[in-house]
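Next come the chains, spelled out residue by residue.
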Amino acid sequence: ANLREIIALALDAAMHVVVMTPPLVDHEQRAVTQQERYDDAWLGSVWEDERLRIGEYAQAARDVVHELAKEYNNNAELTSEIGKRLVLADVHEATKEAKSRGEDIFCDGVHFNGAGQTLVFNTLMREVREMKFVQYVEEVPDYPYGHDVRTPKDSSVVEETIFAAHEEFRRSTVATFRTTFRNKAGGNLR
């Protein structure tokens, strides 16, 4: 229930959401690494947990995304015109497949090495490319540009005023964008 609520809150606040499943844990490599680092001191300690339920967590994430996708991606016209709002990047399945092919993707059974990081990146980007993001005509950063603060057009203006003006501009731009998106979505934006 918590994951569903977290994702629903994200969908309420964002135009698009990507949910990633947790990666596989290579228990054998992890045990070898822990033994090398801590000798027998890690046996029976909190470090010995095997994270056996990681597959269950991955499946729960899949289930919740599939359930919510029906709700948030339910309009075929919306999906083709604007794109999916919610997708799943199944890192667990990607790491499971990589390990079954004998690929070396972890440095210690839990943390990724360079090949593992590339695998996660490619898995994520494959899904992001499928989202067909709404084109945000002018991306507005959360803060004013440095040159606007360091050398303002009006030298009598204090930094606080520059930040306040930028925040107001950002709010109005985002509000306009959300209204436009909501109208295109036929009011289906929560």
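Cut-offs applied
- Residues numbered from 1 in each chain as written.
- Predicted model: local features only at pLDDT ≥ 70, side-chain atom pairs only at ≥ 80, totals over all residues.
- Heavy atoms only, no water.
- Phe/Tyr/Trp six-rings, centres within 6.5 Å; stacked < 30°, edge-to-face > 60°.
- pLDDT = per-residue confidence, 0-100.
- Contact = heavy atoms within 4.5 Å.
- Salt bridge = Lys/Arg side-chain N within 4 Å of Asp/Glu carboxyl O.
- Helix = DSSP H or I, 4+ residues; strand = E, 2+ residues; numbered from the N terminus.
- Buried < 20%, exposed > 50% of the residue type's maximum accessible area, 1.4 Å probe, protein only.
- Arc of directions from axis to C-beta.
- Expected span 1.5 Å × (residues − 1).

So what's going on with the packing of aromatic side chains? Residues and values would help.
Under the criterion given, the structure shown has one aromatic pair. Residues phenylalanine 106 and phenylalanine 112 carry aromatic rings whose centres are separated by 5.3 Å and whose planes lie at 15° to one another, so their mutual orientation is stacked.

An account of the confidence of the model for the chain is needed here, citing residue identities and associated values.
Should the pLDDT be low somewhere, the predicted coordinates at that spot are not to be read in detail. When pLDDT is averaged along the chain, the result is 76; 67% of the residues meet or exceed 70. The low-confidence segment residues 75–83 (pLDDT under 50) makes 16 contacts with residues lying over four places distant or belonging to another chain. Within the model, the stretch residues 134–138 combines pLDDT values under 50 with nine contacts to residues more than four positions away or in other chains.

Quick rundown of the pattern of salt bridges? Include the residues and the values.
By the definition in use, this model includes five salt bridges. For the salt bridge of glutamate 67 with arginine 4, the shortest nitrogen-to-oxygen distance reads 2.6 Å. Here glutamate 67 is found in helix α3 (residues 54–72), whereas its partner arginine 4 is found in helix α1 (residues 2–13), with 63 residues between them in sequence. Residue glutamate 67 is classed as partly exposed on the basis of its relative accessible area of 40%. Relative accessible area serves as the criterion here: at 30%, arginine 4 is assigned to the partly exposed category. Aspartate 90 is paired through a salt bridge with arginine 62; the nearest N and O atoms lie 2.6 Å apart. Taken together, the residues aspartate 90 in the loop between β2 (86–89) and α5 (91–100) and arginine 62 in helix α3 connect sequence positions 28 residues apart. Exposure class is identical for aspartate 90 and arginine 62. Each is buried.

Lay out α5 in plain terms, naming residues and giving numbers.
By the burial criterion, the buried members of α5 are Val91, His92, Ala94, Thr95 and Ala98. What you see down the axis of α5 is that its buried residues fit within an arc of 165°, all on one side. Looking one or two places after α5, you find glycine 102, whose phi comes out positive at around 85°.

I'd love a proper account of α1, names of residues and values included.
With twelve residues, α1 should reach 16 Å at 1.5 Å per residue; the first-to-last C-alpha distance of 17 Å fits that figure. Considered for burial, the residues of α1 that qualify are Ile7, Ala8 and Leu11. When α1 is viewed along its axis, its buried side chains cluster within an angular range of 100° and face the same direction. In α1, the exposed positions that point more than 90 degrees away from the buried face belong to Asn2, Glu5, Ile6 and Leu9.

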